[in-house]
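Read off the chains here:
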Amino acid sequence: MSETTPTSSPSPLAQPLDEPRRSSQSAGGPASAPTPFPAAGSISDAEREDLRRHGILLTSLEELYGWGRSNSIWPLQFGLACCAIEMIASATARFDIARFGAEIFRPSPRQADLMIVSGTVTKKMAPQVVRLWNQMPEPKYCIAMGACAISGGPFKQGYNVLKGIDRYIPVDIYIPGCPPRPEALLHGLTQLQEKIRAERVSGPQAARHLQPDPASEFPVPDHGEKDLVPPSNPEVFKAPVLPRSSGKG
């Protein structure tokens, strides 16, 4: 007489997650030894979530390092124009930026790791922004908030307005709008958190501060006779090449 399969299903914690769940005893065969869990990096997010519901957390030191950094961002407490009002509103009770661990706005650049360029960057203010960036320790990130910080916005043709802060410092996240609402800033913050969590401690996807010979400080532009000198940092900004048609049909 063949063996009968037990009516009670075995615990999912005793089954390998990379194979379909099966009885610990094959039909008509001897009982197989329990397979140990695979490594944390070889299971899917759905399987990891299923384990979390059972009180088991699988992670790696690299993921834990990225999770801690992404949820403890300290922005620099400064603003340039009307976008700064929206940035201030994101810290109020209605929007509550504290939900993302970024409510500690530091008055000193030496204690901040996120620069939110919120507003119009005039050529008079651009050297000060670059100087603040140089004083921030690594790892550090930059968010260009609003059309003015991205490209000059409605004042782009003005002789006194910089056409984007990315001409002098690297920008990680761009938030369009004039001005963008606090929800847009929170969305940009979550995008930055995803970028930080995706960074690795080594290899080609390593964080900028972990790469060999990273550029942490950049030249502060000076006021020339007619414009900033240099007009942009070639290590950071490269003018896009627009394809032009020959005009022949």
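Refer to the structure above for everything that follows.
Residues numbered from 1 in each chain as written. Predicted model: local features only at pLDDT ≥ 70, side-chain atom pairs only at ≥ 80, totals over all residues. Heavy atoms only, no water.

A. Up close: the packing of helix α2 (residues 61-70) against helix α6 (residues 182-198). At a minimum axis separation of 8 Å, α2 and α6 run at an interaxial angle of 155°. Here α2 lies roughly antiparallel to α6, going by the angle between them. Of the two elements, α2 crosses α6, and the hand of that crossing is right-handed. Side by side, α2 and α6 meet where G66, W67, R69 and S70 of the first sit next to Q193, I196 and R197 of the second. (Axes fitted to C-alpha atoms, helices over the stretch in contact; angles between N-to-C directions. Helix = DSSP H or I, 4+ residues; strand = E, 2+ residues; numbered from the N terminus. Parallel < 35°, antiparallel > 145°, perpendicular 65-115°, else oblique. Left-handed = near helix turned anticlockwise from the far one by under 90°. Contact = heavy atoms within 4.5 Å.)

B. How the structure looks around the pattern of salt bridges. Applying the stated criterion across every chain, the model contains eight salt bridges. As a salt-bridge pair, E199 and R69 come within 2.8 Å of each other at their nearest N and O atoms. One end of the pair, E199, is in the loop between α6 and β4 (222-223); the other, R69, is in helix α2, and 130 residues separate them in sequence. Its relative accessible area of 15% is what places E199 among the buried residues. What makes R69 buried here is its relative accessible area of 14%. Each of D172, K195 and R208 takes part in one network of salt bridges that share partners. (Salt bridge = Lys/Arg side-chain N within 4 Å of Asp/Glu carboxyl O. Buried < 20%, exposed > 50% of the residue type's maximum accessible area, 1.4 Å probe, protein only.)

Functional significance is not addressed by these values, which are geometric in nature.
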